[in-house]
Amino acid sequence: MKAAVMHTAGQPPRFAEFPDPIPGEDELLVDVRAASLKRLDKTLASGAHYASQRELPFVCGIDGVGVLVDGSRVFFGGARPPYGTMAERSVAPRAWCFAVPQGVDDATAAALPNPALSAWLPLTWRAQLALGETVLILGATGVAGKLAVQIARHLGAGRVVAAGRNQQILESLHDLGADATIPLDQPDPELAEAYIRAAEPKGYDVILDYLWGRPTEVLLGALTRHSLTAEPARICLVQIGDVAGPTIALPAATLRSAGVEIYGSGGGSIPRTAIRDAFPQVMALAADGKLQIDTEQVALADIESAWQRQDLHGRRIVIMP
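This next bit is on helix 4 (residues 143-154). Look at helix 4: 17 Å from first C-alpha to last across twelve residues, which is about the 16 Å you get at 1.5 Å a residue. Of all twelve residues that make up helix 4, ten are buried, and the element is covered over most of its length.

So this is what it looks like as structure tokens:
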């Protein structure tokens, strides 16, 4: 079969032949129709991720959409190494195959779940968002951040504040449900003031952080209170991505004075039951046209050039075998 094969860590995969997978016990053979290309796919393939595959060669891709032997269409993940989803065929554990509803095309079905669940699960399972609360999204102009704006509004947030760098996308987020926007490309003092102004009148209840690094450091500094008599508040910051940097300097005073609680949300911290419960809800919203995601379809044969693309501007590349 043809596949996106990684031969050298740190280099783009090549369109090449790879042995057909043979399903094992409790595995299903999948004829792949679409697989999204995400930052996580690249990080895993580079060897830099804690869950990276170490033995070469292997097929890239952690999830996708395909058809089973019985004709049912599924979103699937968890392919057994050295197999991946950017291929004509793959294998998947039966437990990691989810039915895709009619009304959701292959490209959308492949692109939507990962970024949508990256917002849905932190809001519902981790932060337990309550009706009327204020949500700040750091990194709102990316694919996941744009979905986070929509999902926070759908789940009943009273106020949604979107922070990002791409000014053109930032301006469009009001149409997706943002009440206020914050450009991140400004000096630290001005950015801190922007965080404070946008939090009015009640302050932030939940923060979804796709960035980490400097934007988060400035935010935590802005949240630090300097009065011992300030009204206590709980702020739940959920750390999801580290596009702006893998580490931050965290002043102890922020944790003591601002009521900030920091949690992580990723594949190693979310139970499978929560994912299985969330998936059909997210896909039902997509089928009803209530979640929007911009995609660009690219042939599997063009994987090497697609892998190196930087000009996406809030779109998700979807590899089509």
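From this point on, the discussion continues.
The subject of this paragraph is the sheet that holds strand 9 (residues 134-138). Each strand in a sheet pairs with its neighbour through backbone hydrogen bonds, running either in the same direction (parallel) or in the opposite one (antiparallel). If you walk across this open sheet you meet the six strands as 11-10-9-12-13-14, and the pairing is parallel. Each edge of the sheet is formed by a strand with only one pairing partner; in this case those strands are strand 11 (180-183) and strand 14 (260-264). Ignoring which end each strand starts from, the neighbouring axes of this sheet average 15° apart. Bridge count between strand 13 (residues 235-239) and strand 14: five bridges; the pairing is parallel.

What follows deals with the environment of Arg39. With respect to the element layout, Arg39 can be found in helix 1 (residues 39-46). Here Arg39 falls in the partly exposed class, since its relative accessible area comes to 45%. What Arg39 contacts, discounting residues up to four positions off in sequence, is Asp242 and Val243. Reaching out from Arg39, the side chain makes a polar contact with the side chain of Asp242 at a distance of 3.3 Å.

The calculated volume of the second largest pocket comes to roughly 290 Å³. What lines the second largest pocket is a set of 17 residues, among which Ala199, Gly203, Tyr204, Leu223 and Arg225 lie closest to the centre. Elements that contribute at least two residues to the lining of the second largest pocket include exactly helix 6 (188-199) and helix 7 (213-223). Considering every element that reaches the lining of the second largest pocket, the biggest residue donor is helix 6, with three residues.

Next up on the list: the pairing of strand 9. Taking burial as the measure, the five residues of strand 9 include five buried ones, the bulk of the element. Because side chains alternate across strand 9, one face comprises the buried residues Thr134, Leu136 and Leu138, and the other comprises Val135 and Ile137, equally buried. The parallel pair strand 9 and strand 10 (residues 159-164) is bridged by helix 4, and the resulting crossover is right-handed.

Between helix 6 and helix 7, the shortest axis-to-axis distance is 9 Å and the interhelical angle comes to 60°. Judged by the inter-axis angle, helix 6 sits oblique to helix 7. As for how helix 6 packs across helix 7, the hand of that crossing is right-handed. Packed against helix 6, whose contacting residues are Asp188, Leu191, Ala192, Tyr195 and Ile196, the element helix 7 presents Arg214, Pro215, Val218, Leu219 and Ala222 at the interface. Grouping the constituent residues of the contact of helix 6 with helix 7 by class yields eight nonpolar, no polar and two charged.

To continue, consider the nonpolar core. With 57 residues, the main nonpolar core has Leu112, Leu123 and Leu208 as its most contacted residues. Top element by residues in this core is helix 9 (residues 272-287). It accounts for eight residues. If near-sequence neighbours (up to four positions away) are discounted, Leu123 is found in contact with Gln128, Leu129, Val135, Ile151, Ala152, Leu155, Val206 and Leu208. Counting residues in each nonpolar core, the second largest holds 27 residues, with Leu136, Ala194, Tyr204 and Leu219 among its members.

Oppositely charged side chains may form a pair once their charged atoms are brought near each other. Applying the stated criterion across every chain, the model contains 15 salt bridges. We note a salt bridge from Arg89 to Glu88, for which the minimum N-O separation is 3.9 Å. One salt bridge in this structure joins Glu261 and Arg234, with 3.0 Å as the shortest N-O distance. A residue pair is termed long-range when its members are at least 10 positions apart, and Glu261 in strand 14 and Arg234 in the loop between helix 7 and strand 13 qualify at 27 residues. Classification of Arg234 as partly exposed rests on a relative accessible area of 42%.

Bringing the packing of aromatic side chains into the picture now. For the coordinates displayed, the defined rule picks out four aromatic pairs. Judged by centre distance (6.0 Å) and plane angle (85°), the rings of Phe18 and Tyr83 are edge-to-face. Placement of Phe18 in the loop between strand 2 (14-17) and strand 3 (27-37) and of Tyr83 in the loop between strand 6 (73-77) and strand 7 (89-93) is noted, with a sequence separation of 65 residues between them. An aromatic cluster is built from Phe75, Trp96, Phe98 and Phe279, whose rings are joined through pairwise contacts.

The strand order across the open sheet formed by three strands is 2-1-4, and the pairing between neighbours is antiparallel. The two strands at the open ends of the sheet, each matched to only one other strand, are strand 2 and strand 4 (58-59). Inspection of the sheet shows strand 1 (residues 2-6) paired to strand 2 by four bridges, in the antiparallel sense. Each residue of the ladder has a partner; that of Ala3, found in strand 2, is Ala16.

Once that is clear, we can look at the environment of Asp26. Secondary-structure assignment places Asp26 in the loop between strand 2 and strand 3. Once the C-alpha coordinates of Asp26 and Leu40 are considered, the two residues, 14 residues apart in sequence, prove to be 26 Å apart. When neighbours within four sequence positions are excluded, Asp26 is seen to be in contact with Ala92, Pro93 and Arg94.

Following the sequence through the fold, Arg316 ends up in strand 16 (residues 315-320). Look at Arg316: it is buried, it has no salt bridge, and the nearest opposite charge is Asp41 at 6.9 Å. With residues near it in sequence (within four places) discarded, Arg316 still touches Ser36, Leu37, Lys38, Ala111, Pro115, Val143, Asp294, Thr295 and Glu296.

Thresholds, definitions, all that
- Residues numbered from 1 in each chain as written.
- Predicted model: local features only at pLDDT ≥ 70, side-chain atom pairs only at ≥ 80, totals over all residues.
- Heavy atoms only, no water.
- Helix = DSSP H or I, 4+ residues; strand = E, 2+ residues; numbered from the N terminus.
- Expected span 1.5 Å × (residues − 1).
- Buried < 20%, exposed > 50% of the residue type's maximum accessible area, 1.4 Å probe, protein only.
- Pairing = 2+ DSSP bridges.
- Axes fitted to C-alpha atoms, helices over the stretch in contact; angles between N-to-C directions.
- Contact = heavy atoms within 4.5 Å.
- Polar contact = N/O pair within 3.5 Å; in protein donor to acceptor, adjacent residues only side chain to side chain.
- 1 Å grid on protein atoms, 1.4 Å probe; cavity = no way out; pocket = protein on both sides within 12 Å on 5 of 7 lines; lining within 4 Å.
- Points joined across faces, edges and corners; volume = space filled by probe spheres on them.
- Right-handed = clockwise from strand over helix to strand, strands pointing away.
- Parallel < 35°, antiparallel > 145°, perpendicular 65-115°, else oblique.
- Left-handed = near helix turned anticlockwise from the far one by under 90°.
- Nonpolar A, V, L, I, M, F, W, Y, C, P; charged D, E, K, R; others polar.
- Core = buried A, V, L, I, M, F, W, Y, C linked by side-chain atoms within 4.5 Å.
- Salt bridge = Lys/Arg side-chain N within 4 Å of Asp/Glu carboxyl O.
- Phe/Tyr/Trp six-rings, centres within 6.5 Å; stacked < 30°, edge-to-face > 60°.
- Lys, Arg positive; Asp, Glu negative; His and termini not counted.

So yeah, pure geometry; function would need other evidence.
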